[in-house]
Amino acid sequence: MSAPDNTASIASTGHGCVDPLGGPDLLIDPHAHFHTPLSNRTDWMRYNASRLDFGERIGIRCHVASILGAWGHTSPTDFTSPHDQTLANDCMFDLAEREAPRVKAFVAVNPNFTAHALTEITRGMARGAVGITLAAGRRTTDFALLDDIASAAAQYGVPVLQHIWQHRRREWPNQEAFDGVELAQLAVRHPRVTFLLAPIGGGDWGHTIPAVRDVPNIAMALSGSGIDRGMIDEALRWVGASRLLWACDLTLCAGLTKLRALAYTGASPEEIAAMRWRNAVRIFPAGTFDAALARPLALPLAQAVAPTTEAA
């Protein structure tokens, strides 16, 4: 999908405003999260507000976000209960409606509860969700559970963000450790679906990146887990800029660090634009970001600095 006709004009911050920390070019975060009163964070409202406010300061035009149940408060984050996930999705859909167009919703589901997951996907699409997200609750090679989720994504024409979280030295309770090799097997079974592997640093990225090289319907989010020397460079070398999307995950500081690192990877301006926003426009349903890309950023005004003169 091509950019809106007014892309060139909206890339400017406008006279009198400070420049976005992430630079003046367009920016979409396709891997974001918010909190709710269901979680064990008493500062959930402040967190949500700060994400939106600092997102503006970075230059993020749209956050595509999910809420993973109660974030471990009343059911495990990676194995959330149907009750917790329904309430969390409600909060996410309400937030996306309230903060439109700068917030879009994933519908988050736990494939271990397949009937509930499919019901939530149907409900989420009706509420305007633009994708499906899954935590590390079931290995992606458990096709009896994952095939139905992927088929639903194909039916609605939306991507699936699959959280990858490896623990190669041990298994952790309430979490299924898996990697790009296993996600690749699911993606091969469902070539009409784009799978967004997230975060790129969710374990051994040196193992994951080559594992998905030959599976073109897997893209990777440059989100979460800090930033290692060579991480983005290797991703570019193995899969190219057309399959990488800049993103933040839970912490915007990590996203800003990776954003500033893009200029040092050797990527061309066109490739950087692809990672910043163009790939997201292509992967998500047509028209998802039109209003978000056209909106002005709420940036603070630049402070006037009076000239100084030397004493006579």
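Refer to the structure presented above.
Residues numbered from 1 in each chain as written. Predicted model: local features only at pLDDT ≥ 70, side-chain atom pairs only at ≥ 80, totals over all residues. Heavy atoms only, no water.

Let us look at the overall build of the protein chain. When its secondary structure is counted, the protein chain shows 11 helices and eight strands. Buried residues in the protein chain amount to 55% of all 312 residues. Taking the contacts inside the protein chain whose residues are at least 6 apart along the sequence as the reference set, 75% of them involve residues at least 24 apart. Here the protein chain displays about 13,700 Å² of accessible surface, and carbon together with sulfur accounts for 55% of that area. (Helix = DSSP H or I, 4+ residues; strand = E, 2+ residues; numbered from the N terminus. Buried < 20%, exposed > 50% of the residue type's maximum accessible area, 1.4 Å probe, protein only. Contact = heavy atoms within 4.5 Å. Areas by Shrake-Rupley, 256 points an atom, 1.4 Å probe, with all protein chains shown as cover.)

A word on the packing of helix α3 (residues 82-98) against helix α4 (residues 114-126). Running from N to C, α3 and α4 point in directions that differ by 10°, and their axes come no closer than 11 Å. The pairing of α3 with α4 is recorded here as roughly parallel in orientation. Here Pro82, Gln85, Thr86, Asn89, Asp90 and Phe93 of α3 lie close against α4, whose contacting residues are His116, Glu120, Arg123 and Gly124. Here the residues of the contact of α3 with α4 are counted per class, giving two nonpolar, five polar and three charged. (Axes fitted to C-alpha atoms, helices over the stretch in contact; angles between N-to-C directions. Parallel < 35°, antiparallel > 145°, perpendicular 65-115°, else oblique. Nonpolar A, V, L, I, M, F, W, Y, C, P; charged D, E, K, R; others polar.)

Summed over the entire model, instances satisfying the criterion amount to one cavity of 30 Å³ or more. If you add up the space inside the largest cavity, you get close to 60 Å³. Counting only elements with at least two residues in the lining of the largest cavity, the list comes to β3 (103-109) and β4 (131-134). Grouping the amino acids of the lining of the largest cavity by side-chain chemistry returns seven nonpolar, six polar and one charged. (1 Å grid on protein atoms, 1.4 Å probe; cavity = no way out; pocket = protein on both sides within 12 Å on 5 of 7 lines; lining within 4 Å. Points joined across faces, edges and corners; volume = space filled by probe spheres on them.)

Among the 10 residues in helix α9 (residues 252-261), seven count as buried, and that is most of the element. Those residues of α9 lying buried are Leu252, Ala254, Gly255, Leu256, Lys258, Leu259 and Ala261. Where α9 is buried, its residues contact α2 (44-58), β7 (218-222), α8 (231-239), β8 (244-246) and α10 (269-283).

As for its placement among the helices and strands, glycine 69 is situated in the loop between β2 (62-66) and α3. With relative accessibility at 0%, the residue glycine 69 sits in the buried group. Along the chain, glycine 69 and phenylalanine 79 lie 10 residues apart, while their C-alpha atoms are 8.8 Å from each other. Not counting the four nearest positions on each side in its chain, glycine 69 is found in contact with Thr80, Asp84, Gln85 and Ala88.

Here we come to the pairing of strand β6 (residues 195-198). Taken residue by residue, a regular strand's side chains alternate between the two faces of the sheet. Neither face of β6 is left uncovered, since the one carrying Phe195 and Leu197 and the one carrying Leu196 and Ala198 both have all their residues buried. Here four bridges tie strand β5 (residues 160-163) to β6, and the two strands are oriented parallel to one another. If you follow glutamine 162 over to β6, its bridge partner there is leucine 197. In this sheet, β7 lies alongside β6 in parallel orientation, the contact comprising three bridges. Bridging from a neighbouring strand, leucine 197 pairs with methionine 220 of β7. (Pairing = 2+ DSSP bridges.)

The sheet built from eight strands is open, its strands ordered β1-β2-β3-β4-β5-β6-β7-β8 with parallel pairing. Only two strands of the sheet have a single neighbouring strand rather than two, namely β1 (28-33) and β8. For this sheet the average axis-to-axis angle between neighbouring strands, irrespective of direction, equals 30°. Each of β1, β2 and β3 is contacted by α2, which is oriented at about 170° to β1, the strand it contacts most. Of the strands in this sheet, β1, β7 and β8 touch α10, which is tilted by about 115° from β8.

Another aspect to go through is helix α6 (residues 180-189). Every buried residue belonging to α6 is among Gly180, Glu182, Leu183, Ala184, Leu186 and Ala187, and all of these are buried. Two or three places before valine 181, at the start of α6, stands the capping residue aspartate 179, its side-chain oxygen 3.1 Å from that residue's backbone nitrogen. (Polar contact = N/O pair within 3.5 Å; in protein donor to acceptor, adjacent residues only side chain to side chain.)

With that out of the way, let us pick up the packing of α4 against helix α5 (residues 143-156). Packing of α4 against α5 leaves a shortest axis separation of 10 Å and a crossing angle of 15°. If you check the angle between α4 and α5, you find them roughly parallel. With respect to the hand of their crossing, α4 and α5 are arranged in right-handed fashion. On the side of α4, the interface is formed by Thr114, Ala117, Leu118, Ile121, Thr122 and Met125, while α5 contributes Leu145, Asp148, Ile149, Ala152 and Tyr156. (Left-handed = near helix turned anticlockwise from the far one by under 90°.)

This part is about the layout of surface pockets. Gaps left between atoms are located by rolling a probe of water-molecule size over the structure's atoms. Taken as a whole, the largest pocket encloses approximately 350 Å³ of empty space. For the largest pocket, the lining is made up of 17 residues, of which Thr77, Asp78, His163, Trp165 and Leu250 are closest to its centre. The residue inventory of the lining of the largest pocket, partitioned by class, reads eight nonpolar, seven polar and two charged. There is about 210 Å³ of room inside the second largest pocket. Around the second largest pocket, the lining is made up of 16 residues, and of these His35, Trp44, Asn48, Leu95 and Arg98 lie nearest the centre. Of all elements in the fold, only α2 and α3 reach the threshold of two or more residues within the lining of the second largest pocket.

From the geometry alone we can't say anything about function, so treat these as descriptive.
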